[in-house]
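Each chain is listed here by its residues.
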Amino acid sequence: MKYPAAEILKQQIPLLDYVEGQDWKPVRRSARGRLMGLCPLHADRKPSFLLDPNKNLFYCYGCGRGGDVIRFAELYHGVAFGDAIALLRRWSGADSLLSDVIKFYQVQLHRHPEAVEYLAERGVRQPELVERMRIGYAPGRCLRAWLMSMGYALRDLQQAGVVTLEGVDTFAHRIVFPLHANLYGRSIGNACPHRFLPGGKGGLYHWERVRRYRRIVLVEGLFDWATLWQAGFHNVTCSMGTGLNATQLHQLCDGASRAVYLAFDSDHNGSGQRAARQLAQRLWTRQVEAFPVELPDGHDPNSFFVHGGGDAHQFQALLDRARA
Ligand SMILES: [Zn+2]
């Protein structure tokens, strides 16, 4: 037993629960309780995904892949072993601290009109989008007391990075977006606009929902993601900055045939466009089609929709032009 934590996790999380938690539904039940359904790991037309709830194993006759719940999480989310373990821990509630933090911030959002107002200014208006992104608000000076009243030790809060070594809430006056293994906090004031908790930013945003698309739009900010999603573009993902980390690159270059449209900010100094061209070159060398999208000068995808750059139709025209 090389990874005791992994063995425990496998016993804690029934594969069927986890796969169903990702919206999978069996279409057929065979002898001995085995289930068949469409494979969630690739575009599947006839059910080729076999799941054995008793053995906690899966196998796909279409793509030839199989294994246990950790292998499934690796393939489904496009992440490495360690990240898959972290995801599963969080999913199973073993890592309940971060989810308690997220819930607390979600409640705070509705108690702070200045936060809702800021979201509206940035064009985030649909309640279902706020819900889908699990957007919250960190007022500051209240998370620590709340979590300690729930029984958490200060040391654990500091270790997770939600409270600083000085004992104060790490995030204050920030809109908070939960990521896979971290939180991103966007200041609603002027001080240091972007901030993550300690640790990496993780993979691409909502990658498991986006990866199936033949054409993908990549943006650098979560407000870009939000406004595009509201405008009906659901094939959008976000790298949280123009510099992609190894996980994110690996996800884009997972061997699937796809085209990536790089809709980075069109800064006046050209840095966003330069980053997009460099990334496009890198992707082409890895056999991934990539097209930098040219937004009107000074616009990012968020301001394009919020401040009169255009509508969904016009944004689609920009994507078409990028390819031409
Ligand atoms: Zn498959």
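All values reported here derive from a predicted model rather than from experimental measurement.

(A) Examining the overall build of the protein more closely. Regarding its fold elements, the protein presents 15 helices and 13 strands. Over its C-alpha trace the protein gives a radius of gyration of 21 Å, about what one expects of a compact globule, namely 20 Å for 324 residues. Expressed along its principal axes, the backbone C-alpha trace of the protein runs to roughly 60 × 55 × 35 Å. Among the 324 residues that make up the protein, the fraction classed as buried is 35%. Across the protein, the fraction of contacts at a sequence separation of at least 24, relative to all contacts at a separation of at least 6, is 55%.

(B) Region of the structure containing the sheet that holds strand β9 (residues 194-196). Pairing in this open sheet of 4 strands is antiparallel, and the strands run β6-β7-β8-β9 from one edge to the other. On the outer flanks of this sheet lie β6 (136-138) and β9, each paired with one strand and no other. Strand after strand, the sheet turns through a mean of 30° between neighbouring axes, direction not considered. Pairing of strand β8 (residues 183-187) with β9, which is carried by 3 bridges, proceeds in the antiparallel orientation. Along β9, the bridge assignment pairs Tyr184 with Phe196.

(C) Region of interest: the domain arrangement of the protein. Here the protein is described as being made up of domain 1 (4-92), domain 2 (96-196) and domain 3 (207-323). The C-alpha centroid of domain 2 is placed 32 Å from the C-alpha centroid of domain 1.

(D) Main features of unusual backbone geometry. At Asn56, a position not held by glycine, the phi torsion is positive, near 60°. On the secondary structure map, Asn56 appears in the loop between β3 (49-52) and β4 (57-60). Positive phi, normally seen in glycine, also occurs at His173, with a value near 55°. Looking at the element boundaries, His173 is found in the loop between α9 (154-160) and β7 (174-178). With 18 C-beta atoms counted inside 10 Å, the residue His173 sits in the partly exposed group.

(E) Geometry of the nonpolar core. Within the largest apolar cluster, 56 residues are counted, with the highest numbers of intra-cluster contacts made by Leu222, Val260, Tyr261, Leu262 and Ala263. Both domains that meet at this core, namely domain 2 (96-196) and domain 3 (207-323), each give it at least three residues. The residues touching Leu262, leaving out its near neighbours within four places in the chain, are Leu218, Ala276, Leu279, Ala280, Ala290, Phe291, Pro292 and Val293. Membership of the second largest hydrophobic core comes to 20 residues, among which are Leu15, Ile70, Ala84 and Leu88.

(F) Highlighting the sheet that holds strand β2 (residues 35-37). Taken together, the 5 strands give an open sheet; going across it, the order is β1-β2-β3-β4-β5, and neighbouring strands pair in antiparallel fashion. Here the strands that pair on one side only, and so sit at the sheet edges, are β1 (28-29) and β5 (66-67). Here β4 pairs with β5 via 2 bridges, running antiparallel. Paired with Phe58 across the strands is Gly67, a residue of β5.

(G) Representation of the packing of helix α3 (residues 69-77) against helix α4 (residues 81-92) in the model. Contact geometry of α3 with α4 gives a least axis separation of 9 Å together with a crossing angle of 105°. It follows from the interaxial angle that α3 and α4 lie roughly perpendicular. Between α3, through Val69, Ile70, Ala73, Glu74 and His77, and α4, the contact on the second element is made entirely by Phe81, Ala84, Ile85, Leu87 and Leu88. Among the residues making up the contact of α3 with α4, the classes are represented as 8 nonpolar, 1 polar and 1 charged.

(H) Inspection of helix α11 (residues 222-230) at higher detail. When you tally the buried positions in α11, you get 7 out of 9 residues, the bulk of the element. Along α11, the residues classified as buried are Leu222, Phe223, Asp224, Trp225, Ala226, Thr227 and Leu228. Next to the buried residues of α11 lie α7 (127-133), β7, β8, β10 (215-219), β11 (236-238) and α14 (301-306). Residue Gly232 follows α11 closely and has a positive phi angle near 100°.

(I) Region of interest: the pairing of β7. Along β7, 5 of the 5 residues are buried, which leaves the element largely enclosed by surrounding structure. Burial along β7 is two-sided: the residues Arg174, Val176 and Pro178 and Ile175 and Phe177 are all buried. Taken together, the 3 bridges between β6 and β7 define a ladder with antiparallel strand orientation. Bridging across to β7, Tyr137 finds its partner in Ile175. One ladder, built from 5 bridges, connects β7 with β8; its direction is antiparallel. Following the sheet pairing, Pro178 is matched in β8 by Leu183. Counting the residues between successive antiparallel strands, the hairpin from β7 to β8 contains 4 residues.

The rules we used
- Residues numbered from 1 in each chain as written.
- Predicted model: local features only at pLDDT ≥ 70, side-chain atom pairs only at ≥ 80, totals over all residues.
- Helix = DSSP H or I, 4+ residues; strand = E, 2+ residues; numbered from the N terminus.
- Rg over C-alpha atoms; globule rule 2.2 N^0.38 Å.
- Buried ≥ 20, exposed ≤ 12 C-beta atoms within 10 Å, placed from the backbone.
- Contact = placed C-beta atoms within 7 Å.
- Pairing = 2+ DSSP bridges.
- Axes fitted to C-alpha atoms, helices over the stretch in contact; angles between N-to-C directions.
- Domains from an automatic or database assignment.
- Core = buried A, V, L, I, M, F, W, Y, C linked by C-beta atoms within 7 Å.
- Parallel < 35°, antiparallel > 145°, perpendicular 65-115°, else oblique.
- Nonpolar A, V, L, I, M, F, W, Y, C, P; charged D, E, K, R; others polar.

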